[in-house]
Amino acid sequence: MSTAPWRDPALPAATRVDDLLSRMTLEEKTAQLYGVWVGAATDGDGVAPLQREMTSDYDWDELITLGLGQLTRSFGTAPVDPALGAQALARAQRRIAAAGRFGIPAVAHEECLAGFTAWKATAYPVPLAWGATFDAPLVEELGRRIGDDLRSVGVHQGLAPVLDVVRDPRWGRVEETIGEDPYLVGTIGTAYVRGLESAGIVATLKHFAGYASSAGARNLAPVRAGVRELADVTLPPFEMALREGGARSVMAAYNETDGVPASADPRLLTELLREEWGFTGTVVADYFGIGFLETLHRVAASPAEAARLALEAGIDVELPTLKCYGKPLVAAVREGAVPESLVDRAARRVLLQKCELGLLDEDWQPETEGPVDLDSTANRALARRLAEESVVLLDNPDGLLPLSPDTRIAVVGPRAADALAMLGCYSFPSHVLAHHPDVPTGVDIPTVLDSLRAELPDAKVTFAEGCGVSDPDTSGFAEAVARASEADVCVAVLGDRAGLFGRGTSGEGCDVADLRLPGVQSDLLDALVGTGVPVVLVLLTGRPYALGRWDGRLGAVVQAFFPGEEGGPAVAGVLSGRVNPSGRLPVSVPRGPGGQPWTYLQPPLGLAGEVSNLDPTPLYAFGHGRSYTTFAWEDFRGQAGPEAEIATDGSYDVSVTVRNTGDRDGAEVVQLYLHDPVASVTRPDVRLIGYRRLELSPGESRRVTFRFHADLSAFTDRSGTRIVEPGALEMRLGTSSAEVRHTARLTLTGPARALDTNRRLRCDTEVSPAR
């Protein structure tokens, strides 16, 4: 019997898909355009916005006779043993394939923001911690390992990474982002994409685009960003992850910008993404995002009209379950309200991706063989290394850290003895197990208290909680103060509780009015400082909090952004000195808590000045971080001296030798910033354009060279064109955005040059032995 062309793996994918589409009914084509969420709760609190209101009933057996585009979160909906979950997913895929005329399985997708969101899977540090490492190769390894775990149980698509650039740290989803700088977000995010895609998993870029720029930092609030903010801050990480990372999917954002919802914006999802950037993969809806066109945005009068708007804009797949792309879409096509060509366009993209994944091949089989270990020794070792590199030592003015091994330590605070203090809102224990309180976490998560006791076995360690994370009860203050007064040093472990939609102090839908520490934690810290005992503040948070109230009053300050299941030992290692801290801030730490939503990407009027009594200067700048060793930056050179001229399409190298002048191993992060003194539109005073992490033993030195190209100075002009403009520039090498070690002055000469999508997106670096 001859094989149909669409089944022939020797034929080009486009030929196979065209043949298949020609054989499918309208109903079968639309079935490829939606997912189904088996087991999604229709009552109580959900894990997606308005889940209860937006989830529809359906007959599974009847539904799959038409085929199915995607299966939603087989592992991330409820606690299921991974091996049993893999078997259940395989059975579901066989049923889907057997029920339809063409035998095509679904694409199975899962969340993988900080690890595979599944029971008993490794809970890694959150993306904000990835940004703090300034270590793209390590994050690429993370993506590859998570991808391997996803693939091992039959998952095809991962809904990560989040490439939103922080614009207001009061936003609840700051923990899910990589930071406040588009270059850092782009390079670290692209590394994660490369890792995930190298494992055969379809990486999905979120949230396209502008979601983090919401007014007042409220989740799903309108975005009022201008065209240049979108072009120069919001979009570059997505472009980099597509061009250099090879991401095969993009998720449309919930937000509307200047009155147009992203899910109904053809200029964004078709003209920019596909026609300008050349993207050929799939665009998926954020959960219920198509239905929200009717219910939240009110730009559609019915599910069918919402389907039309989304299809016209360029959304190929409705997630997480069918509401608009099912029967309402079929009826609208039959009535002539929606052209069938739009269904064909989306179905072709979906089927091309299924073809790439091998799901159209006649010999396809679900992966069910072998044991499943989603929290392997190798996983935990990677989680530990990532956590250790992400911890930021903000301050240690008198060398209180590392702690003496036999000292008396009072550990105080609501985050010290709680394993969940390590985890972000998209970790399985925080995301799903909150609805299953009797189910164990499934992975071992040492607390800071337990880890510090293990780290310093000769120390006398006492503990008092002091207060809760967000409740107003101060009755525990007295015991906390007593324990601190008896000790040589107090370690105050404060911070956030991750959750969803107001069930936490950080996470999706957990936005805050200001940047005070949650609850009465600030008052507890005041009481501890008032004892006169040196206080080491340890923060386990999903966002930066204002710390100016205690500037100069603390013995040391350590910041960890939800550092994952190995975060307790990592933090304890920094406190003991076993780990030399090397993290750098991916977000600024503000001085005051109110009214100054601020990132370092500010033009002149956004900086401190005489025109206002409010000073937005952060307490700790973007890129800041201390070490237990010291580094000398020597022999700084520009390619043609400290001042040079190059054409607007030219390049210029700057280099410096970094030497570890201390007595222990350490890592320095060399950061390259660009300052544009005069431009035709206002520009950020400084912005990151390159960085390199250098790990050096005592006395060791390495030379790092940054290969700057004029494309990196480009910005969007008044006409909306991205240009390289002639004029003066300064390249500043520093240890943070505010701490400059060396400056090279450069003049770009010649005419302004318009750029296309082939422009250079990153500053190449080279590390060599010191001369």
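Computed from a predicted model, the values in this text were never measured in an experiment.

Rules used in this analysis
- Residues numbered from 1 in each chain as written.
- Predicted model: local features only at pLDDT ≥ 70, side-chain atom pairs only at ≥ 80, totals over all residues.
- Heavy atoms only, no water.
- Helix = DSSP H or I, 4+ residues; strand = E, 2+ residues; numbered from the N terminus.
- Buried < 20%, exposed > 50% of the residue type's maximum accessible area, 1.4 Å probe, protein only.
- Contact = heavy atoms within 4.5 Å.
- Core = buried A, V, L, I, M, F, W, Y, C linked by side-chain atoms within 4.5 Å.
- Polar contact = N/O pair within 3.5 Å; in protein donor to acceptor, adjacent residues only side chain to side chain.
- Pairing = 2+ DSSP bridges.
- Axes fitted to C-alpha atoms, helices over the stretch in contact; angles between N-to-C directions.
- Left-handed = near helix turned anticlockwise from the far one by under 90°.
- Nonpolar A, V, L, I, M, F, W, Y, C, P; charged D, E, K, R; others polar.
- Phe/Tyr/Trp six-rings, centres within 6.5 Å; stacked < 30°, edge-to-face > 60°.
- Lys NZ or Arg CZ within 6 Å of the ring centre and 35° of its normal.
- Salt bridge = Lys/Arg side-chain N within 4 Å of Asp/Glu carboxyl O.

## Concerning the environment of proline 405
Relative to the assigned elements, proline 405 resides in the loop between strand 10 (392-395) and strand 11 (408-412). When its relative accessible area of 52% is taken as the criterion, proline 405 is described as exposed. For proline 405 and proline 518, which are 113 residues apart along the polypeptide, the C-alpha to C-alpha distance reads 32 Å. Non-local contacts of proline 405, meaning those with residues more than four positions away in its chain, are made with Leu456, Asp458 and Ala459.

## Side note on the side chain of glutamine 353
With respect to the helices and strands, glutamine 353 occurs in helix 15 (residues 340-356). Look at glutamine 353 and you get buried, because its relative accessible area is 7%. Apart from residues lying up to four places away in sequence, glutamine 353 is in contact with Gln157, Val202, Arg248, Gly281 and Thr282.

## Overview of the nonpolar core
Judged by nonpolar contacts, the single largest core of 206 residues is most densely connected at Phe208, Tyr325, Leu547 and Phe708. For phenylalanine 708, the residues in contact, after removing those within four places along its chain, are Ile646, Ser651, Tyr652, Asp653, Leu674, Ile689, Ser713, Leu729, Met731, Leu746 and Cys763. Counting 36 residues, the second largest nonpolar core, distinct from the first, contains Val391, Val411, Met422 and Val579.

## Focus on the environment of asparagine 660
Inspection of the secondary structure assignment puts asparagine 660 in strand 18 (residues 651-660). Sequence separation between asparagine 660 and arginine 702 is 42 residues; the distance between their C-alpha atoms is 9.2 Å. In this structure, asparagine 660 is in contact with Thr629, Thr630, Phe631, Asp665, Gly666, Leu696, Ser697, Pro698, Gly699 and Glu700, ignoring residues within four places of it in sequence. In terms of polar contacts, asparagine 660 uses its side chain to reach the side chain of threonine 629, at 2.8 Å.

## Remarks on the sheet that holds strand 3 (residues 107-111)
Across the sheet, which stays open at both edges, the 7 strands sit in the order 1-2-3-4-5-6-9 with parallel pairing between neighbours. The open sheet has two edge strands with one neighbour each: strand 1 (35-36) and strand 9 (282-285). Bridge count between strand 2 (residues 70-72) and strand 3: 3 bridges; the pairing is parallel. What sits directly across from threonine 72, in strand 3, is histidine 109. Sitting on the sheet, helix 10 (residues 236-243) touches strand 5 (202-208) and strand 6 (249-252), and the angle it makes with strand 5 is about 165°.

## What to know about the packing of helix 19 (residues 477-485) against helix 20 (residues 521-529)
Where helix 19 meets helix 20, the closest approach of the two axes is 9 Å, and the angle between their N-to-C directions is 35°. Seen along the crossing, helix 19 lies across helix 20 with a hand that is right-handed. Of the residues in helix 20, those in contact with Phe477, Ala480, Val481 and Ala484 of helix 19 are Asp523, Leu524, Ala527 and Leu528. When grouped by side-chain class, the residues that make up the contact of helix 19 with helix 20 number 7 nonpolar, no polar and 1 charged.

## Description of the packing of aromatic side chains
Summed over the entire model, instances satisfying the criterion amount to 15 aromatic pairs. Judged by centre distance (5.8 Å) and plane angle (80°), the rings of tryptophan 6 and phenylalanine 102 are edge-to-face. Here phenylalanine 102 lies in the loop between helix 5 (82-99) and strand 3 and tryptophan 6 lies in the segment before helix 1 (13-23), a separation of 96 residues in the sequence. Taken as a pair, tryptophan 6 and phenylalanine 102 share a single burial class, namely buried. These aromatic residues form a ring-pair network of at least three members: Phe134, Tyr183, Tyr600, Phe622, Tyr673 and Tyr691. Above the plane of the ring of tyrosine 426 lies lysine 206, whose end atom (NZ or CZ) is 5.5 Å from the centre.

## Observations regarding the sheet that holds strand 25 (residues 740-749)
Read from one edge of the open sheet, 5 strands run 17-25-24-19-20, paired in mixed fashion. Here the strands that pair on one side only, and so sit at the sheet edges, are strand 17 (643-647) and strand 20 (687-696). Neighbour to neighbour, the strand axes of the sheet diverge by 25° on average, direction disregarded. Judged from the 9 bridges that link them, strand 19 (residues 666-675) and strand 20 form a sheet pairing that is antiparallel. The partner of glutamate 668 across the bridge, within strand 20, is leucine 694.

## What to know about the pattern of salt bridges
Following the criterion strictly, the structure yields 58 salt bridges and no others. Across the pair glutamate 239 and arginine 759 runs a salt bridge whose closest N-O atoms are separated by 3.0 Å. Of this pair, glutamate 239 sits in helix 10 while arginine 759 sits in the loop between strand 26 (753-754) and strand 27 (764-769), and the two are 520 residues apart along the sequence. The exposure classification of glutamate 239 matches that of arginine 759, with both residues buried. A salt bridge links arginine 626 to glutamate 739; its shortest N-O distance comes to 3.3 Å. Taken together, the positions of arginine 626 in the loop between helix 21 (567-576) and strand 16 (631-638) and glutamate 739 in the loop between strand 24 (727-734) and strand 25 put the pair 113 residues apart, joining distant regions of the chain. For glutamate 739, a relative accessible area of 27% translates into the label partly exposed.

## Quick word on helix 13 (residues 303-313)
Taken as a whole, helix 13 has its buried residues at Ala306, Ala307, Leu309, Ala310, Leu311 and Ala313. Turning to helix 13, the residues buried within the fold contact helix 11 (266-276), helix 12 (292-295), helix 14 (327-334) and helix 15. Glycine 314 lies just past helix 13 and shows a positive phi near 130°.

## Describing the environment of leucine 619
One can find leucine 619 in the loop between helix 21 and strand 16. For leucine 619, a relative accessible area of 14% puts it in the buried group. With 27 residues separating them along the chain, leucine 619 and glycine 592 place their C-alpha atoms 8.5 Å apart. Setting aside residues up to four positions removed in sequence, leucine 619 forms contacts with Leu547, Gly548, Asp551, Val589, Pro590 and Arg591.

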